[in-house]
Each structure stands twice: as C-alpha cells, then as structure tokens.
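# Examining the three-dimensional arrangement
Spelled out, the chains give:
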Amino acid sequence: MFGFSLKPRKPNAAQTAKDRLQILLAHERSGASPDCLPELQRDILEAIRKHMKIDRDAIDIKMERGEGLSSLEINIEFPADQRKA
Amino acid sequence: MSKIIVVTSGKGGVGKTTTSAAISAGLAKRGHKTVVIDFDVGLRNLDMIMGCERRVVFDFINVIQGDAKLKQALIRDKRLDNLAVLPTSQTRDKDALTQEGVEAVLNELKEEFDYIICDSPAGIERGALMAMYYADEAIVVTNPEVSSVRDSDRVLGLLQSKTHRAEEEGAEPIKAQVLITRHDQARIDKGEMMTVEDVLEILAVPLLGIIPESPAVLRASNMGVPVVLDDPSAAASAYEDAVARLVGEQVEMKIGGERRPGLISRLFGLTA
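In this model, chain A carries an average pLDDT of 78, and 75% of its residues clear a pLDDT of 70 or more. The spread of mean pLDDT over the elements of chain A runs between helix α1 (residues 2-5) of chain A, the lowest at 54, and helix α2 (residues 13-29) of chain A, the highest at 89.

Turning our eyes to something else, we now look at the sheet that holds strand β1 (residues 3-8) of chain B. All names here are of chain B. Spatially, the eight strands line up as an open sheet ordered β3-β4-β2-β5-β1-β6-β7-β8, and their pairing is mixed. The open sheet has two edge strands, β3 (75-76) and β8 (207-212), and neither has a second partner. Running over the sheet, helix α7 (residues 146-159) touches β1, β6 (137-142) and β7 (175-183) and is turned about 165 degrees from β6.

A few words on the pairing of strand β5 (residues 115-119) of chain B. Most of β5 of chain B sits inside the fold, with five of its five residues counted as buried. Of the two faces of β5 of chain B, both are covered, the one formed by Tyr115, Ile117 and Asp119 of chain B as well as the one formed by Ile116 and Cys118 of chain B.

Residues and elements named next belong to chain B. For Arg182, which is not glycine, the phi dihedral falls at a positive 55 degrees. Relative to the assigned elements, Arg182 resides in strand β7. For Arg182, a relative accessible area of 42% translates into the label partly exposed. Here Ala204, not a glycine, exhibits a phi torsion of approximately 55 degrees, which is positive. Take Ala204: it is sitting in the loop between α10 (196-203) and β8. Residue class for Ala204 comes out exposed when judged on its relative accessible area of 63%.

Residues and elements named next belong to chain B. Of the residues in chain B, 94% reach a pLDDT of 70 or more, and the chain-wide mean stands at 93. Every residue in residues 257-261 is under pLDDT 50, and counting partners more than four places away or in other chains gives seven contacts. ipTM for the predicted complex: 0.81, alongside a pTM of 0.88.

Here we take up helix α12 (residues 234-246) of chain B. Residue and element names in this part refer to chain B. Taking 1.5 Å per residue, 13 residues should reach 18 Å; α12 reaches 18 Å between its end C-alpha atoms and fits that length. All of the buried residues in α12 are Ala235, Ala236, Ala238, Tyr239, Asp241, Ala242, Val243, Ala244, Arg245 and Leu246. Positive phi shows up at Gly248, right after α12, with a value of about 100 degrees.

This part is about the interface of chain B and chain A. Across the boundary between the two partners, chain B contributes 24 residues, which contact 25 residues of chain A. Summed over both sides, the interface of chain B with chain A buries roughly 2,200 Å², with 46% coming from carbon and sulfur. For chain B, the biggest contributors to the area lost against chain A are Arg54, Val57 and Asn222 of chain B; these three give 30% of the whole. Here chain B is connected to chain A by three salt bridges. Across the salt bridge formed by Arg20 of chain A and Glu53 of chain B, the nearest N and O atoms sit 3.0 Å from each other. Joining chain B to chain A, the criterion identifies nine residue pairs in polar contact (both at pLDDT 80 or more). Considering each element in turn, the side of chain B that touches chain A owes the most residues, four residues, to helix α11 (residues 215-223) of chain B. Class assignment for the residues of the side of chain B that touches chain A results in five nonpolar, nine polar and 10 charged.

All names here are of chain B. Considering the arrangement of structural elements, one finds Thr98 in the loop between β4 (83-86) and α5 (99-112). Along the backbone, Thr98 and Gly127 are 29 residues apart, and their C-alpha atoms lie at a distance of 9.7 Å. Residues within four places of Thr98 in sequence aside, it is in contact with Ile64, Arg126 and Met130. At 3.0 Å, the side chain of Thr98 and the backbone nitrogen of Gly101 are in polar contact.

Rules behind the numbers
Residues numbered from 1 in each chain as written. Chains lettered and ligands numbered in written order. Predicted model: local features only at pLDDT ≥ 70, side-chain atom pairs only at ≥ 80, totals over all residues. Heavy atoms only, no water. pLDDT = per-residue confidence, 0-100. Helix = DSSP H or I, 4+ residues; strand = E, 2+ residues; numbered from the N terminus. Pairing = 2+ DSSP bridges. Contact = heavy atoms within 4.5 Å. Axes fitted to C-alpha atoms, helices over the stretch in contact; angles between N-to-C directions. Buried < 20%, exposed > 50% of the residue type's maximum accessible area, 1.4 Å probe, protein only. Expected span 1.5 Å × (residues − 1). Buried area = accessible area lost by both parts, 1.4 Å probe. Salt bridge = Lys/Arg side-chain N within 4 Å of Asp/Glu carboxyl O. Polar contact = N/O pair within 3.5 Å; in protein donor to acceptor, adjacent residues only side chain to side chain. Nonpolar A, V, L, I, M, F, W, Y, C, P; charged D, E, K, R; others polar.

Listed below in structure tokens is the structure:
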C-alpha cells in the first residue's frame, strides 16, 4: 500500500497530454457537439428580443470544457436607454 | 499591410501545425498582431497544439456560413494578447470551405491583424488549395526524406499555378520558402539523411530555416504550448530565427544550435 503512495506521480508532459485528450474526447464522444451552439444563440437572441431591442452581434458566448463540468458564459450587451423604451 | 502566409507541405506529419503554432506565437512575441487559422476541416488539431481546445465555441465554418460573427469565433491566446486562433470545424467536411467565404473572412481579419497564418491540411485537395489560394507567402515544411521532398515539389508547383497570385494578371508570384524540420545532423554525418544542400538543390527555393529533431517538440504539443513559448530548446531558437527571417531580418543559418555559416550561406547567399 505504502509503496504506491510514497512516490506521488509527477505530472509530466505525457500525463498532461493524456489528461487533455481524455477531457476533450469525453466531450466529443458524448455528442454534446458545439453544432447546437449557433441554434442556441439564435434562440437566446429571439427570446430576449421579445422583451428588448438588441443587436444581432450583441451576444457573446464563451465555453470552458472541464473535467465532469463545463461552463457556458453568455454575455449580452444592450444600449443603456432600453428600459425607458 | 497585412500578410497572409500559408504553412503547407503536401505530405502529412511533417510538422505543419507545430510550425504554424510556433511561427504565429513567434510573430506575436515580437509584437505583431497575429492570427492562425486551421484549414483542416473535420480534423481539428491546431486548437490542441495551441492549448485552447477547451475554449472552442464557434469555428471558421460557422463564420463562413453566417452562423457566428468572426469576433465570436476568434479565441484570444491567454499568454500573448496579440495572438488569436481561428479553429476549424470538427464535424463538417472540406466542401464547407467556399472560396468567397474564405476570402470574406481573410478580408475581415486583415483589418485587425498584421499576419494571418493559414495552417493547411495535408494533401492537395480542397482544404489545402483553399489554405494557399489567397496567400502572399508560403512556408513549405519539408523533412529531409524522399516522399516529403517529392510532395513539397508538387506543392510548390500548385503555389505557382493554382493560387490567386498565379491567376491574377501582373501579380507578383507567391514568395515560397522551405522550412526543413526534423533535421538530424548525426544521421546526416553518417550518410543516412539528405543534407540541407541536397534538399535545396532539388527544390530550388530559398531556405527559411532548419528545425532540428528535438524532444522539445513532443513536449510542447503534450502541454499545448507553441514550442517558442515553452522552455528554451534548440527547436525553439531555430523557430525564433525563422520568424526573424520571415520579417526580413538577416539571421545566420545554424544547424542544431551549431553555427555552420560557411557551407550554406556561401552556396545560397542567404546571409549576405
């Protein structure tokens, strides 16, 4: 038992490569393909446009794929005088 | 004036993507606004070599097809703020690359960037032809090995015939330079590998640089770091020298860190 834990494995380049591939391929194989993103973007824009005037380019989607968890960050810019309208 | 440079080779596995990543990071390091585009539709890999694979949202094809704006698809490098990556699609095929679409994206990129590096796929099909079509300059990546040199010769022919500069009346032809990669002096000394002079004699184009066979290249790709941004190595300094020559500086040719000015410079007048 101790034999294993006494020598913690150093994260070498090969291990980093394997970890990166495993995370990426898990996402690619799961079929959660980013192909749905253009559609998602359109749907979000449409939903928001029902309530306020925004520009087609005013949306910015960022994604960070992680191990077991990914995050989607959506920023929408709109002119300051929207609420008065 | 921005410059479009294609990194091409014909043969696969000679180091196009490694070179695209290293040259674009090297240009950005010198302060030039640089973008590197992956033209290998369906087999996306530049993102892994650049280390931004987890941040891909939209891609080159989404922009061509109007599903995303260019600024949404560009991934800004976290290490160098004047470097950006335009990833390709992992799910589409090369037919999605239309000439008009490619031209429109390149024109928009010219507004922001000084250098646009086009990472070509292997082969001489649509993806490779689209990558070279609008280029001003070409870096032909070649290993000192028979099939690589033969394919480079074929690609040099295409650069002089199947590109915008070749078709446009009165335009200067594409400036093509050879970059020799995986150069192994020990094997050359043993007579097992063609020399730089051998390769240049056959291809008859100027030499941009000689990248030695180096463990640093695999390490950098494992880590997702362009080799010039990783720890110092012979390969990294050879790429830095190639970048310096690319921007017009006179840098002596070195082989594997060792200076051998007499031979090459005298024969090809590169360091006059």
